[in-house]
Amino acid sequence: MKIGQICVKISGREANKKCVIVDIVDDTFVLIDGNVRRRKCNVKHLEPLDKVLKISKKASTAKVHEAMKKEKIEIIERKKKKVTKKVKPQRKRKVKNDGK
Amino acid sequence: MAVKHKSRSLRRVSRKLPGGKVTIQYKKRKPGRAKCSNCGKPLMGVPRELPSKMKTLSKTEKRPERPYGGVLCSKCMRSKIIKEVRK
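Bear in mind the structure is a predicted one, so any value in this text is a computation, not a measurement. (Residues numbered from 1 in each chain as written. Chains lettered and ligands numbered in written order. Predicted model: local features only at pLDDT ≥ 70, side-chain atom pairs only at ≥ 80, totals over all residues. Heavy atoms only, no water.)

Draft legend 1. Quick look at the state of the cysteines. Within this structure, the stated rule accounts for zero disulfides over all chains. Lacking any disulfide linkage, Cys39(B) is separated from the closest cysteine sulfur, that of Cys76(B), by 3.4 Å. (Disulfide = S-S within 2.5 Å.)

Structure representation (structure tokens):
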């Protein structure tokens, strides 16, 4: 498990997605990025492939995506969560009729 | 007792009424647990509800949010993905 190694996540919500090892935390945890959210992941949940990318330690997501493009690895664009401001329904104020 | 209550396909549930009396209510039996299509073990994260109630549940309440969620258990899913990757 070297830095830049391409592997496939085999468990969890992002299973079956390609990811790149960006940093090695200790012998059980690594930092991964790529088609998955950048987060710490257990080595057991990763299946290594033979390709290794040339990226620096703790490379940023943009750099990782660039390196993946070079290796012609398909990048899945993740939809950015649209921050929708919750518009409170204005309660119609009762019009006080003066009843003249 | 109504004739339809004689059949054993209804579940007998004893309930205490506000007046203190105890009555028997008849409820429909729940369907069996969802099973993994590969190893046959019961699936996690899939509720056992009658179809009419399942409709009221939202999509994420009816199955886990994983590839093959609600079809394969997590072990079978992992081994399947590993096989595909190793090819």
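Draft legend 2. View of the environment of Ile3(A). Residues and elements named next belong to chain A. Position of Ile3 relative to the elements: it lies in the segment before β1 (5-9). Assessed through its relative accessible area of 25%, Ile3 is described here as partly exposed. Considered as a pair, Ile3 and Lys57 are 54 residues apart in the sequence and their alpha carbons are 6.8 Å apart. Ignoring anything within four residues of it in the chain, the contact list for Ile3 reads Ile21, Val22, Asp23, Ile24, Val52, Leu53, Ile55, Ser56 and Lys57. (Helix = DSSP H or I, 4+ residues; strand = E, 2+ residues; numbered from the N terminus. Buried < 20%, exposed > 50% of the residue type's maximum accessible area, 1.4 Å probe, protein only. Contact = heavy atoms within 4.5 Å.)

Draft legend 3. Structural context of helix α1 (residues 61-70) of chain A. All names here are of chain A. Within the span of α1, buried status applies to Val64, His65, Ala67 and Met68. Down the axis of α1, the buried side of the element spans an arc of 160 degrees, and every buried residue falls inside it. Seen from the open side of α1, the exposed residues pointing more than 90 degrees away from its buried face are Lys63, Glu66, Lys69 and Lys70. Looking at the buried side of α1, the elements it contacts are β2 (17-24) and β3 (29-34). Downstream of α1 by one or two residues, Lys72 has phi in the positive range, about 55 degrees. (Arc of directions from axis to C-beta.)

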